[in-house]
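For reference, the chains in residue letters:
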Amino acid sequence: MSSFLFITDLDHTFVGDDSALEILQQQLSEHRRQHGTKIVYATGRSPTLYRQLQAEKALLEPNALISSVGTEIYFTENDEIPDLEWSEWLSSGWNREVIVTLAADFPALISQPDSEQRPFKVSYVISPTDYETVAPQLQARLQAQNLTTRLIYSGSQDLDILPVNGNKGLAMQFLAKRWQIEPHRTVACGDSGNDIDLFQVGAERGILVGNAKPELLAWYQTNHSPHLYLAKAYYAAGILEGLIHFGFITKE
Ligand code: GLC
Ligand code: MG
């Protein structure tokens with residue numbers, strides 16, 4: 001066995017089945033101890049909401065945290081300021097105030113709590129039917145202002161407006177480059193829309209947990225690849241199934 005880069009979404013992917021999580025965490029921490037495997041969380045949550053979940057579920061200390069849907073990267077737990085190189089990379093073509101003003105013209109967009117409004121992430125809640133009508137109009141308004149943003153819809157409710165270069169997949173590649181880990185030794189896990197970028201930026205291995213959300217399954221329908229594995233099992237059990245499938249770990 002040798003080291004790899006393990007990247008996982010938290011809600012409904014790593015977290016969701018407490019007893020499977022315990023087994024998976026035990027295996028990962030042993031792998032890290034023996035082989036130097038790196039553990040990274042890639043979550044939509046802000047650092048504040050991440051810390052709540054980490055305490056609640058006694059999550060392993062990661063080697064890095066990708067928070068706020070790939071727009072912030074932290075290397076140590078108590079970092080107040082996210083990686084500066086990454087923030088600089090995100091700032092071109094981004095203007096938070098203009099985005100917030102434009103979005104205010106759409107009453108169907110309901111603002112998420114303040115903790116989830118981040119320097120490079122503007123977040124709303126919107127129903128799937130309203131999203132279908134609002135998304136193209138909002139896109140057009142953003143483009144007309146020369147803002148290079150991306151809309152990401154997750155869990156049939158959350159809309160994140162992000163810089164075009166800021167997503168979980170590109171943040172994963174930033175870390176892999178920094179640590180010099182090859183795509184075939186990198187594996188990412190997810191369940192929803194904001195995880196699609198983890199699976200489509202390159203040749204990294206991807207595990208879609210069995211409980212994947214409709215928007216991720218719909219994407220997968222037209223994006224099959226030997227690098228991607230749709231697990232049968234849910235949550236952490238699905239991750240274990242995928243890690244064994246790709247040969248990153250062996251069956252106990
Ligand atoms: C997390 C974040 C939220 C975001 C969602 C989807 O729940 O807290 O702000 O919209 O992930 O990315
Ligand atoms: Mg999730």
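Note that the coordinates shown come from a computational prediction; the quantities given were computed from them, not determined experimentally.

Assigned domains within the protein chain: domain 1 (5-88 + 166-246) and domain 2 (94-163). Taking only C-alpha atoms, the centre of domain 1 and the centre of domain 2 are 24 Å apart. Listed as interface residues are 20 residues of domain 1 and, on the opposing side, 15 residues of domain 2. It is Val69, Thr71 and Gly166 that lose the most area in domain 1 upon contact with domain 2, and together they represent 28% of the buried surface on that side. Our enumeration of links across domain 1 and domain 2 arrives at two salt bridges. Across the pair Arg118 and Glu72 runs a salt bridge, and its minimum N-O distance is 2.8 Å. Linking domain 1 with domain 2 are seven residue pairs in polar contact (both at pLDDT 80 or more). Among the secondary structure elements, those contributing two or more residues to the side of domain 1 that touches domain 2 are α2 (47-57), β4 (72-74) and α7 (196-200). Classifying every residue of the side of domain 1 that touches domain 2 by side-chain character gives four nonpolar, eleven polar and five charged.

Right, let's get into the nonpolar core. Counting residues in hydrophobic clusters, the biggest one holds 46 residues, and the most contacted among them are Leu109, Leu138 and Leu159. Per element, the largest residue contribution to this core is six residues, and it comes from helix α6 (residues 168-179). If you count residues domain by domain, this core takes at least three from each of domain 1 (5-88 + 166-246) and domain 2 (94-163). What Leu109 contacts, discounting residues up to four positions off in sequence, is Ala103, Tyr124, Val125, Ile126, Val134, Leu138 and Leu159. Core analysis: the second largest hydrophobic core is formed by 30 residues, Val15, Leu65, Tyr229 and Phe246 among them.

Criteria and thresholds
- Residues numbered from 1 in each chain as written.
- Chains lettered and ligands numbered in written order.
- Predicted model: local features only at pLDDT ≥ 70, side-chain atom pairs only at ≥ 80, totals over all residues.
- Heavy atoms only, no water.
- Domains from an automatic or database assignment.
- Contact = heavy atoms within 4.5 Å.
- Buried area = accessible area lost by both parts, 1.4 Å probe.
- Salt bridge = Lys/Arg side-chain N within 4 Å of Asp/Glu carboxyl O.
- Polar contact = N/O pair within 3.5 Å; in protein donor to acceptor, adjacent residues only side chain to side chain.
- Helix = DSSP H or I, 4+ residues; strand = E, 2+ residues; numbered from the N terminus.
- Nonpolar A, V, L, I, M, F, W, Y, C, P; charged D, E, K, R; others polar.
- Core = buried A, V, L, I, M, F, W, Y, C linked by side-chain atoms within 4.5 Å.
- Buried < 20%, exposed > 50% of the residue type's maximum accessible area, 1.4 Å probe, protein only.

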